[in-house]
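Here is what each chain is made of, one letter per residue.
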Amino acid sequence: MFGREPMPSLATFNANNFFLRYKFSKTYPGDMSKKSLIEASEAAMMGYLPEKAFGKYSPKSFIIWEPERRKLAIKALKEPDGKLPDILCFQEVENMDAIRAFNENYLKSYYQYSLLIDGYDPRNIDVGVLSTLPIEEIRSHIDESKNGKRIFSRDCLEVTLILPDGEKLILFVNHLKSKLVIKKKNDTEAQFHNHIRESHEQRKLQAKTVSEYIEKRFKGQHDSALFAVVGDFNDTPCSPYVKPLIKSPRLINILQEYRAVDDTWTYFWRDKNRVSQIDYILVSKALAQRIRKAAQNDGKKKPHIERKGLSYKTGKAGNILPATMIHFEEDPVTSKSAGSTAPEKSKVQFDHKRFKEIEAEWKKNISDHCPVKVWF
């Protein structure tokens, strides 16, 4: 009824610094006579920001940063069935204008509905949604706090969508706290380790808070409601810091049902030549049943990780090196004992097929993350 696909699809993708830039103008928009040129130059030597100054939106007034990478990302998002997902959940998107301009300029307005709420991340990277299915309700958790400190810098964006059969799907789109902690010039080792610990505890609080939302929101309906927690959790499945979500009895890590433990990786850290799973689609029992049915009806529609857009590392002979699969990552404040159930590290063959542009030049990769896609 609503969607373009009788069996809807859902994808999550960390688009890796998906920014856009304004096309500046030194005259008022629509001024054919150019008489406003002097006024404009007085106001700002670089010109006006037309959309912000005049409240008129036009996707042609924006330039997508690194357009070739974004075009390759579209190819990846269409895999393996040749169709864009009906629901696309983004991480690391600059603002609403970015996903709207992307949709209108690059996707020919494939998506009718778009959503993003600016957060507090200092890099201005947010979570957002593009959808062919109607968005009925949104809830933002961006200003919720504990002990005077905001819980989320990039929101836990709660979105209710109407499926083609009239059922409701509730998504919790997340980008949890990064592990990246840079040692400050005057930090002692103890101070540096404390910063790492604080980062981990923030991620754990976020995971715990999302889990609590689900407990409260679907009380008495956990087995029948259609819901999912999706996005970049910035941590591996065996980490104690995302355990409240990964081990939640209300959620199923659907990739693990269809892939061997060494084949669930979604992220490539090129500097370390490592892969791991840090991108997730965790689904409710009822949604998992629909995903299973879709996979049974069409073998090509099993939960999918698209890896053709990744970069690589080469050896002296120019061959692509195997990568190391990490299930649990130790650091100065997290010992192996904290993740004692984690499998050992293993080697992953990494010379899989890539888009020809990336095979020729690894820097043209779409992201260091893979799109993850399911059908239901």
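See above for the structure.
Cut-offs used in this document
Residues numbered from 1 in each chain as written. Predicted model: local features only at pLDDT ≥ 70, side-chain atom pairs only at ≥ 80, totals over all residues. Heavy atoms only, no water. Helix = DSSP H or I, 4+ residues; strand = E, 2+ residues; numbered from the N terminus. Buried < 20%, exposed > 50% of the residue type's maximum accessible area, 1.4 Å probe, protein only. Contact = heavy atoms within 4.5 Å. Areas by Shrake-Rupley, 256 points an atom, 1.4 Å probe, with all protein chains shown as cover. Expected span 1.5 Å × (residues − 1). Core = buried A, V, L, I, M, F, W, Y, C linked by side-chain atoms within 4.5 Å. Pairing = 2+ DSSP bridges. Axes fitted to C-alpha atoms, helices over the stretch in contact; angles between N-to-C directions. Salt bridge = Lys/Arg side-chain N within 4 Å of Asp/Glu carboxyl O.

Peer 1: Which residues make up the overall build of the chain, and what values do they have?
Peer 2: A count of helical and extended segments in the chain gives nine helices and 20 strands. Here the chain holds 376 residues, and 51% of them are scored as buried. Taking all contacts inside the chain whose residues are at least 6 apart in sequence as the whole, residues at least 24 apart take part in 74%. Summed over its atoms, the accessible surface of the chain is roughly 18200 Å², and 50% of this surface lies on carbon and sulfur atoms.

Peer 1: Before we move on, can you summarise helix α8 (residues 285–297) with the specific residues and values?
Peer 2: Taking 1.5 Å as the rise per residue, α8 with 13 residues should run 18 Å; its terminal C-alpha atoms sit 19 Å apart, in good agreement. For α8, the full list of buried residues reads Ala-286, Leu-287, Ala-288, Ile-291, Ala-294 and Ala-295. Buried residues along α8 sit in contact with β11 (168–175), β12 (226–232), β13 (252–253), α7 (255–258), β16 (279–283) and β20 (372–375).

Peer 1: So what about the environment of Pro-303? Which residues, and what values?
Peer 2: In this structure, Pro-303 sits in the loop between α8 and β17 (304–305). In sequence terms Pro-303 and Arg-292 are eleven residues apart; their C-alpha atoms lie 9.1 Å from each other. Discounting chain neighbours no more than four positions away, the residues touching Pro-303 are Ile-254, Leu-255, Tyr-258, Arg-259, Ile-291, Lys-373 and Val-374.

Peer 1: Account for unusual backbone geometry, naming residues and giving values.
Peer 2: Residue Pro-80 is bonded to the preceding Glu-79 through a cis peptide linkage, with omega at -5°. Mapped onto the fold, Pro-80 is located in the loop between α3 (67–78) and β4 (87–93). Positive phi is not limited to glycine here, since Glu-92 has a value of about 60°. Structurally, Glu-92 is set in strand β4. Judged by relative accessible area, which is 8%, Glu-92 ranks as buried. Phi angles above zero are rare outside glycine, and Lys-108 is one such case at about 55°. With respect to the helices and strands, the residue Lys-108 is situated in the loop between α4 (96–106) and β5 (113–116).

Peer 1: Account for the nonpolar core, with residues named and values stated.
Peer 2: Ranked by internal contacts, the top residues of the largest apolar core, which has 68 residues, are Leu-10, Ile-87, Phe-90 and Leu-171. Once you skip the residues sitting within four places of it in the chain, Phe-90 turns out to touch Phe-13, Ala-15, Phe-18, Ile-99, Phe-102, Asp-126, Val-127, Gly-128, Leu-130 and Val-173. With 21 residues, the next largest nonpolar core counts Ile-151, Phe-218, Ala-225 and Ile-246 among its residues.

Peer 1: How would you summarise the sheet that holds strand β15 (residues 274–276) if you had to cite specific residues and measurements?
Peer 2: Taken together, the four strands give an open sheet; going across it, the order is β14-β15-β18-β19, and neighbouring strands pair in mixed fashion. At either end of the open sheet lies a strand with only one pairing partner, and these are β14 (267–269) and β19 (346–348). Strand-to-strand twist of the sheet, defined as the mean angle between neighbouring strand axes without regard to direction, takes the value 35°. Note that β14 and β15 share three bridges and pair antiparallel.

Peer 1: Could you give an account of the pattern of salt bridges, naming the residues involved and the relevant values?
Peer 2: Inspection of the entire model under this criterion finds 26 salt bridges. Put simply, Arg-217 and Glu-137 hold a salt bridge, and the shortest N to O gap is 4.0 Å. In this pair, Arg-217 is assigned in helix α5 (residues 189–217) and Glu-137 in strand β7 (residues 135–139), connecting sequence segments 80 residues apart. Ionic pairing is found between Glu-329 and Arg-274, a salt bridge with its closest N-O pair at 3.0 Å. Taken together, the residues Glu-329 in the loop between β18 (323–325) and β19 and Arg-274 in strand β15 connect sequence positions 55 residues apart. Judged by relative accessible area, Glu-329 falls into the partly exposed class, the value being 23%.

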